[in-house]
Amino acid sequence: FFFQAEDGIRDKLVTGVQTCALPIFESASARDNAFGISDAYNERGRAKAGLKRMAEALEDFNTALKLDPDNGDAHFNRGTVYFEQKKYDLALKDFDAAVADNPDDPALVFNRGLTKYRLGNKTGAAKDFDAAETLDLRYGFARERIEKP
């Protein structure tokens, strides 16, 4: 019971923070700012995705990428929305772009592998899972969950 209550409190806290953050990101998106307007749209999209406002999140990620097509974080975040929507082909394109931007991030490589797995590409998934584990041993569990190609 304690853990359930703790999870509920944590969920409400995260939702509250995301709700409070939206006006800040909206203000930042309305003007050019120090960390870049593309990043502001990306961060606002992350807040909206956290609130399960996926259509609005996608709009912000798309805007971020129009402003900066090389924004790897926006590619990753849009890819996660597509993945949740089971649009795996679109997710893979974004994860490919995110990995190209930051090939040493095991989370990016892992998510790309998971997407390849969902698309039926077990060989490609295994390669990405192995690469993620090479970058960070904590990702070793992934390869164990798929059949060897």
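You'll find the structure just up there.
Parameters at a glance
- Residues numbered from 1 in each chain as written.
- Predicted model: local features only at pLDDT ≥ 70, side-chain atom pairs only at ≥ 80, totals over all residues.
- Heavy atoms only, no water.
- Helix = DSSP H or I, 4+ residues; strand = E, 2+ residues; numbered from the N terminus.
- Expected span 1.5 Å × (residues − 1).
- Buried < 20%, exposed > 50% of the residue type's maximum accessible area, 1.4 Å probe, protein only.
- Arc of directions from axis to C-beta.
- Contact = heavy atoms within 4.5 Å.
- Core = buried A, V, L, I, M, F, W, Y, C linked by side-chain atoms within 4.5 Å.
- Patch = residues over 30% accessible without salt bridge, like charges linked within 9 Å, V, L, I, M, F, W, Y side chains within 5 Å.
- Areas by Shrake-Rupley, 256 points an atom, 1.4 Å probe, with all protein chains shown as cover.
- Salt bridge = Lys/Arg side-chain N within 4 Å of Asp/Glu carboxyl O.
- Lys, Arg positive; Asp, Glu negative; His and termini not counted.
- Charge placed at Lys NZ, Arg CZ, Asp CG, Glu CD.
- Phe/Tyr/Trp six-rings, centres within 6.5 Å; stacked < 30°, edge-to-face > 60°.
- Polar contact = N/O pair within 3.5 Å; in protein donor to acceptor, adjacent residues only side chain to side chain.

Colleague: Provide a residue-level description of helix 3 (residues 54-67), including the pertinent values.
Modeller: Taking 1.5 Å per residue as the helical rise, helix 3 with its 14 residues ought to reach 20 Å, and the 20 Å between its terminal C-alpha atoms agrees with that figure. Of all the positions in helix 3, only Met-54, Ala-57, Leu-58, Asp-60, Phe-61, Ala-64 and Leu-65 are classed as buried. Buried residues in helix 3, looked at end-on, bunch into an arc of 165°, giving them a common side. Opposite the packed face of helix 3, turned more than 90 degrees from it, sit the exposed residues Ala-55, Glu-59 and Lys-66. On its buried face, helix 3 sits against helix 2 (37-50) and helix 4 (72-84).

Colleague: I'd like a rundown of the nonpolar core, residues and numbers included.
Modeller: If you look at the biggest cluster of nonpolar residues, it comprises 24 residues, and the most contacted ones within it are Val-81, Phe-110 and Phe-129. Of all elements in the fold, only helix 3, helix 4, helix 5 (88-101), helix 6 (106-118) and helix 7 (122-135) reach the threshold of two or more residues within this core. Broken down by element, this core gets its largest block of residues, 5 residues, from helix 5. Among all residues touching Phe-129, those that are not within four sequence positions of it are Phe-110, Gly-113, Leu-114, Tyr-139, Ala-142, Arg-143 and Ile-146.

Colleague: Before we move on, can you summarise a negative patch on the surface with the specific residues and values?
Modeller: Side chains of Asp-39, Asp-68, Asp-70, Asp-73 and Asp-101 sit close together on the surface and give a patch of like negative charge. Position of Asp-68 among the secondary structure elements: in the loop between helix 3 and helix 4.

Colleague: Quick one: what's the story with the packing of aromatic side chains, residue by residue and with numbers?
Modeller: Scanning all chains against the criterion turns up 6 aromatic pairs. Aromatic pair Phe-83 and Tyr-88: ring centres 5.1 Å apart, planes at 65°, arrangement edge-to-face. Note on accessibility: Phe-83 and Tyr-88 belong to one class, buried.

Colleague: Talk me through the side chain of Arg-112; I want residue IDs and the actual numbers.
Modeller: By secondary structure assignment, the location of Arg-112 is in helix 6. A polar side-chain atom of Arg-112 sits 2.8 Å from a polar atom in the side chain of Asp-128. Once residues lying within four places of it in the same chain are set aside, the contact partners of Arg-112 are Leu-92, Phe-95, Asp-96, Val-99 and Asp-128.

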